[in-house]
Amino acid sequence: MAKPKADNRARFLQKFTMAGPNDCWLWTGKTINSGYGYFWVEGTKHMTAHRYAFLQAYGYLPTVVRHSCDVKLCVNPAHLLPGTSKDNSQDMASRHRMGGGNVKLTAAQVEEIRRRFVSGSHGRGGNRRQLALEFGVDSKHIWRIATGRAGDYRITDPKRGVA
Ligand SMILES: [Zn+2]
């Protein structure tokens, strides 16, 4: 049975050590290979802990959530910054809708996935699962995106808070 989504916030609060407002609040829950915290959002999807922290604090998810403190496990919203696209107008131009599917990524996220994707062999190895965790999509979508078979996902506007 799925628990109410309201439980997510309470669960999240138990998984890090809150310190002073200017200190790093270190994630004590699960982590993923890239060194970021991992949080299962009940009824929705898994997210990296700092992205969830950003979403909770600011109410939307930017393409990239960066740490001003460079501490990957830090979930203090005061240390989290929205990443910006280098060329927003180009980003806008390349952002378009692809029919079907329900995976929502920005053009910048798609570019990042393609850049960072490491293929394994025979479905093993590589970083598909890691990227899937980070971007909150199924690993099959990571593969589709990385290999250019991405006819079934949609690119959305990050300002609408969809990620
Ligand atoms: Zn910090």
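The next subject is the overall build of the protein chain. If you tally the helices and strands in the protein chain, you get 6 helices and 8 strands. Scanning the protein chain from its N terminus toward the C terminus, one meets helices and strands in the order α-β-β-β-β-α-β-β-α-β-α-α-α-β. Within the protein chain, the fraction of its 163 residues that count as buried is 41%. Considering only intrachain contacts with a sequence separation of at least 6, the fraction spanning at least 24 residues in the protein chain is 54%. Total accessible area on the protein chain is roughly 9,400 Å²; 50% of this is exposed by carbon and sulfur atoms.

Before going further, it helps to spend a moment on the coordination of the zinc ion. Those donors, Cys24 (SG), Cys69 (SG), Cys74 (SG) and His79 (ND1), are the protein atoms that reach the zinc ion, and they lie 2.0 to 2.3 Å from it. Relative to the metal, the 4 donor atoms surrounding the zinc ion lie at angles of 105 to 112°, and the coordination shape comes out tetrahedral. Classification of cysteine 24 as partly exposed rests on a relative accessible area of 27%.

With that settled, consider the packing of helix H5 (residues 128–135) against helix H6 (residues 139–146). Orientation of H5 relative to H6, taken along the N-to-C sense of each, is 105°, at an axis distance of 8 Å. As the angle between them shows, H5 and H6 are arranged roughly perpendicular. Only Ser139, Lys140, Ile142 and Trp143 of H6 make contact with H5, whose side of the interface consists of Arg128, Arg129, Leu131 and Ala132.

Three or more residues of H6 are buried, namely Ser139, His141, Ile142 and Ile145. Seen end-on, H6 carries its buried residues on one side only, within an arc spanning 155°. In the stretch just after H6, glycine 148 is the one whose phi turns positive, near 80°.

Our next topic: the environment of leucine 73. Locating leucine 73 in the fold gives a position in the loop between strand S5 (65–67) and strand S6 (80–82). Residues leucine 73 and tyrosine 36 lie 37 residues apart in sequence; the distance between their C-alpha atoms is 5.5 Å. In contact with leucine 73, other than residues within four places in its own chain, are Trp25, Leu26, Trp27, Thr31, Gly35, Tyr36 and Gly37.

A separate point is unusual backbone geometry. One non-glycine residue, aspartate 70, adopts positive backbone phi at about 60°. Assignment of secondary structure puts aspartate 70 in the loop between S5 and S6.

Between helix H4 (residues 107–116) and H5, the shortest axis-to-axis distance is 11 Å and the interhelical angle comes to 160°. Put simply, H4 runs roughly antiparallel to H5. Pair H4 / H5 crosses with right-handed handedness. Every residue of H5 that contacts H4 at Gln109, Glu112, Ile113 and Arg116 is listed here: Gln130, Leu131, Glu134 and Phe135.

The rules behind these values
- Residues numbered from 1 in each chain as written.
- Predicted model: local features only at pLDDT ≥ 70, side-chain atom pairs only at ≥ 80, totals over all residues.
- Heavy atoms only, no water.
- Helix = DSSP H or I, 4+ residues; strand = E, 2+ residues; numbered from the N terminus.
- Buried < 20%, exposed > 50% of the residue type's maximum accessible area, 1.4 Å probe, protein only.
- Contact = heavy atoms within 4.5 Å.
- Areas by Shrake-Rupley, 256 points an atom, 1.4 Å probe, with all protein chains shown as cover.
- Donors = N, O, S within 2.8 Å, 3.2 Å for Na, K, Ca; no water.
- Tetrahedral: all angles 85-135°; square planar, octahedral: opposite > 155°, others 65-115°.
- Axes fitted to C-alpha atoms, helices over the stretch in contact; angles between N-to-C directions.
- Parallel < 35°, antiparallel > 145°, perpendicular 65-115°, else oblique.
- Arc of directions from axis to C-beta.
- Left-handed = near helix turned anticlockwise from the far one by under 90°.

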